[in-house]
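These are the residues of each chain, in order.
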Amino acid sequence: MKSTPRTRKLGETVREALAEVLREDVSDPRLEFATVTSVQVSTDLHVADVYVTTHGDEARYEALLAGLRSADGRIRSGLARRVKMRFTPELRYHLDTSVDEGMRIYEALKDVPPGLAEGE
């Protein structure tokens, strides 16, 4: 999606509002440890790509996406109450696995032999 200063600012506002909605309005246990990492709003403001992460394995990620999709109506309703827009965008949920990838890299770097780490 093309990003403009307006859509970046709106994306951050939507991200904060969605985090609040998940914390206060939705009681699905699959969403208990969900974190909204970023939101990208389309230039026409009709679609918002929501990137989420959680702790756990692949099954936990699938449960998170299923929980978000099942609570989509409640989430959009809560978003509409918190962010004043002409219309509430369609929410598309995506997994953000960058935290997991960072942890894998960190663990791999811990196993580097001392001589190799110094550039010898």
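Scroll up to find the structure.
Bear in mind the structure is a predicted one, so any value in this text is a computation, not a measurement.

Draft legend 1. Representation of unusual backbone geometry within the structure. Residues other than glycine seldom take positive phi values, yet L45 does so here, at roughly 65°. Along the chain, L45 falls in the loop between strand 1 (35-41) and strand 2 (47-53).

Draft legend 2. Representation of the pairing of strand 1 in the model. Judged from the six bridges that link them, strand 1 and strand 2 form a sheet pairing that is antiparallel. From the neighbouring strand, V41 faces strand 2, where its bridge partner is A48. In this antiparallel pair of consecutive strands, strand 1 and strand 2, the connection spans five residues, and L45 shows a positive phi of 65°.

Draft legend 3. Structural context of the pattern of salt bridges. This model, assessed by the stated rule, comprises nine salt bridges. When the shortest N-O distance is used, the salt bridge between D28 and R30 registers 2.7 Å. Residue classification places D28 among the buried residues on the basis of a relative accessible area of 17%. A salt bridge links K110 to E107; the nearest nitrogen and oxygen atoms lie 3.4 Å apart. On the criterion of helical spacing, the pair formed by K110 and E107 is a turn pair, its members being three residues apart in helix 4 (residues 98-110). For E107, a relative accessible area of 36% puts it in the partly exposed group. Residues joined in a network through salt bridges with shared partners are E20, R23, E24, D25, R81 and R82.

Draft legend 4. The arrangement of empty space enclosed by the protein in detail. This structure, assessed with the given rule, holds one cavity of 30 Å³ or more. Its boundaries defined by the atoms lining it, the largest cavity holds a volume of some 40 Å³. Together, L18, L22, V36, V50, V52, L68, I75 and Y93 line the largest cavity. For the lining of the largest cavity, the elements supplying multiple residues, two or more each, are helix 1 (5-24) and strand 2.

Rules and cut-offs
- Within every chain, residues take consecutive numbers counted from 1 along the sequence as written.
- Only residues with pLDDT of 70 or above have their local features reported here, since the model is predicted, and side-chain atom pairs are shown and tallied only from 80 upward, although totals for entire chains, interfaces and linings are computed over all residues.
- Note that water and hydrogens are dropped before the side-chain values are worked out from all heavy atoms of the structure.
- Numbered from the N terminus, helices here are DSSP runs of H or I no shorter than four residues, and strands are runs of E no shorter than two.
- At least two bridges found by DSSP between two strands are what make those strands a pair.
- Salt bridge, as used here: a side-chain nitrogen of Lys or Arg that lies within 4 Å of a carboxyl oxygen of Asp or Glu.
- The buried label applies to any residue whose accessible area, calculated with a 1.4 Å probe on protein chains only, is under 20% of its type's maximum; exposed applies above 50%, and partly exposed to all values in between.
- Any residue with an atom within 4 Å of a point lines the site, the site being either a cavity, points on a 1 Å grid over the protein atoms alone where a 1.4 Å probe fits but cannot get out, or a pocket, an open set with protein on both sides within 12 Å along at least 5 of 7 lines.
- Grid points are joined across faces, edges and corners, and a volume is the space filled by probe spheres set on the points.

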